[in-house]
Amino acid sequence: MIRLFHVSKIFPPNYPALVDIHLQVEKGEFVFLSGPSGAGKTTLLNLLFRDEEATEGQIIVNGRNITRLNGAGVAELRQELGLVFQEFRLLPSLTALENVALAAEVVGTPRRESRRKAFTLLRELGLKDRHDCKPPVLSGGEQQRVAIARALVNDPILVLADEPTGNLDAEMAEETMRLLLRIHEQGTTVLIATHDTGLLERFSHRVVHLQRGRLTGDSKHPGEEGSA
Ligand SMILES: Nc1ncnc2c1ncn2[C@@H]1O[C@H](COP(=O)(O)OP(=O)(O)OP(=O)(O)O)[C@@H](O)[C@H]1O
Ligand SMILES: [Mg+2]
């Protein structure tokens, strides 16, 4: 599903955010991307949906070499992905329901069906009573859940989530993780960036660890890091 070969990202003028990353994630895997603040987790996710381009190396996502994509190719790539951003990126003038439904409509789902799917997801995420609210009046955790609903509305084959539980209390974080696990059980590949070590301990899934832009640990391949 995801393959990175010798991937580096240097931000101008000369800041190495990612250094020579090798990583392989199979279809259907559930992987945590961990590491301290500034380790490069968000940068790595940004490379995977071509928000940023790698300075060096090759990246394959779902069989496509995304280092060589034109605008149409990037749009196609993103249609297959469910993205949860660290800072939500909701449209402030639309309601929660509209934010989620719009994501379905833009890929061609009929309006009624889009709204139905959006409503169902928001209900599952505990936002049944908040779907008519606009993001500015929602709490951080509520906005987080709207963003997760939006990421899931098109049944993505790969979900990339950046700190999806970062703004949630323990109970809601647990609930959100359970939802992501359910999506995973349906066959979706899930990659979650988090610095919440408690989360890694509670859920025994593969953990890929970054530190200062380098891959310093992988629970699936213990002891191999840095040797590739
Ligand atoms: N556009 C940019 N220009 C310059 N430096 C950047 C840019 N984006 C990120 N960086 C730097 O790259 C490093 C990695 O950042 P990144 O956001 O990927 O870290 P992170 O692991 O997601 O951290 P956090 O846990 O705080 O979200 C940081 O030192 C950051 O300052
Ligand atoms: Mg980050």
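All of the points below concern the structure found in this document. (Residues numbered from 1 in each chain as written. Chains lettered and ligands numbered in written order. Predicted model: local features only at pLDDT ≥ 70, side-chain atom pairs only at ≥ 80, totals over all residues. Heavy atoms only, no water.)

### A closer look at the pairing of strand β8 (residues 189-193)
Point 1. Burial analysis of β8 places 5 of its 5 residues in the buried class, the great majority of the element.
Point 2. Of the two faces of β8, the one holding Thr189, Leu191 and Ala193 and the one holding Val190 and Ile192 are both buried throughout.
Point 3. Direction of pairing for strand β3 (residues 30-34) relative to β8: parallel, over a ladder of 4 bridges. The residue of β8 that forms the bridge with phenylalanine 30 is valine 190.
Point 4. Across 5 bridges, the pairing between strand β7 (residues 158-162) and β8 is parallel. Each residue of the ladder has a partner; that of valine 159, found in β8, is valine 190. (Buried < 20%, exposed > 50% of the residue type's maximum accessible area, 1.4 Å probe, protein only. Helix = DSSP H or I, 4+ residues; strand = E, 2+ residues; numbered from the N terminus. Pairing = 2+ DSSP bridges.)

### Points about the sheet that holds strand β10 (residues 214-218)
Point 1. Strand order in the open sheet made by the 6 strands is β6-β7-β8-β3-β9-β10, with mixed pairing throughout. Each edge of the open sheet carries a strand with a single partner, namely β6 (81-84) and β10. Adjacent strand axes in the sheet meet at a mean angle of 15°, parallel and antiparallel pairs treated alike.
Point 2. Its contacts with the sheet put helix α5 (residues 140-152) on β6 and β7, and the angle it makes with β6 is roughly 170°.
Point 3. Sheet strands in contact with helix α6 (residues 170-185) are β3, β7 and β8, and its direction is about 135° off that of β3. (Axes fitted to C-alpha atoms, helices over the stretch in contact; angles between N-to-C directions. Contact = heavy atoms within 4.5 Å.)

### With respect to the coordination of the magnesium ion (ligand 2)
Point 1. Coordination of the magnesium ion (ligand 2) by the protein involves Thr42 (OG1) and Gln86 (OE1), with metal-donor separations of 1.9 to 2.5 Å. Taken together, the positions of threonine 42 in helix α1 (residues 41-48) and glutamine 86 in the loop between β6 and α3 (96-105) put the pair 44 residues apart, joining distant regions of the chain.
Point 2. Using a relative accessible area of 27% as the deciding quantity, one classes threonine 42 as partly exposed. (Donors = N, O, S within 2.8 Å, 3.2 Å for Na, K, Ca; no water.)

### Describing the site of ligand 1
Point 1. Residues in contact with ligand 1 amount to 14 residues; listed here are only the nearest, Ser37, Gly38, Lys41, Thr42 and Thr43.
Point 2. Residue alanine 39 places a main-chain N or O atom 3.2 Å away from an oxygen atom belonging to ligand 1.
Point 3. A distance of 2.6 Å is found between an oxygen atom of ligand 1 and a side-chain nitrogen or oxygen belonging to threonine 43.
Point 4. When ligand 1 sits alone it has 630 Å² of accessible area, and the protein chains cover 65% of it.
Point 5. Broken down by secondary-structure element, the contributors of at least two residues to the shell around ligand 1 are β2 (15-25) and α1. (Near = heavy atom within 4 Å. Polar contact = N/O pair within 3.5 Å; in protein donor to acceptor, adjacent residues only side chain to side chain. Areas by Shrake-Rupley, 256 points an atom, 1.4 Å probe, with all protein chains shown as cover.)

### Focus on a nonpolar patch on the surface
Point 1. Together, Leu91, Leu102, Val106 and Val107 line one region of the surface with nonpolar side chains, adding up to about 310 Å² of accessible area.
Point 2. Checked against the element boundaries, valine 107 lands in the loop between α3 and α4 (111-124).
Point 3. Of the residues examined, valine 107 reaches a relative accessible area of 34% and is grouped as partly exposed. (Patch = residues over 30% accessible without salt bridge, like charges linked within 9 Å, V, L, I, M, F, W, Y side chains within 5 Å. Salt bridge = Lys/Arg side-chain N within 4 Å of Asp/Glu carboxyl O.)

### Remarks on the nonpolar core
Point 1. In terms of nonpolar packing, the biggest core is built from 38 residues, with Phe30, Phe32, Leu122, Val146, Met177 and Ile192 touching the most fellow members.
Point 2. Apart from the residues within four sequence positions on either side, phenylalanine 30 is in contact with Met177, Leu180, Leu181, His184, Val190, Ile192, His205 and Arg206.
Point 3. Leu23, Leu45, Val74 and Phe85 belong to the second-largest nonpolar core, a separate cluster that totals 32 residues. (Core = buried A, V, L, I, M, F, W, Y, C linked by side-chain atoms within 4.5 Å.)

### So, the pattern of salt bridges
Point 1. By the definition in use, this model includes 16 salt bridges.
Point 2. Arginine 130 is the partner of glutamate 142 in a salt bridge, and the nearest nitrogen-oxygen pair spans 3.5 Å. Of this pair, glutamate 142 sits in helix α5 while arginine 130 sits in the loop between α4 and α5, and the two are 12 residues apart along the sequence.
Point 3. Take glutamate 142: its relative accessible area is 15%, and that puts it in the buried class.

### A closer look at the pairing of β7
Point 1. In terms of residue burial, β7 counts as a mostly covered element, since 5 of its 5 residues are buried.
Point 2. Residues Leu158, Leu160 and Asp162 of β7 are buried on one face, and the alternating residues Val159 and Ala161, pointing to the opposite face, are buried as well.
Point 3. Examined bridge by bridge, β6 and β7 share 4 bridges and lie parallel to one another. Bridge assignment links glycine 82 to a residue of β7, and that residue is valine 159.
Point 4. As a crossover connection, the stretch from β7 through α6 into β8 is right-handed. (Right-handed = clockwise from strand over helix to strand, strands pointing away.)

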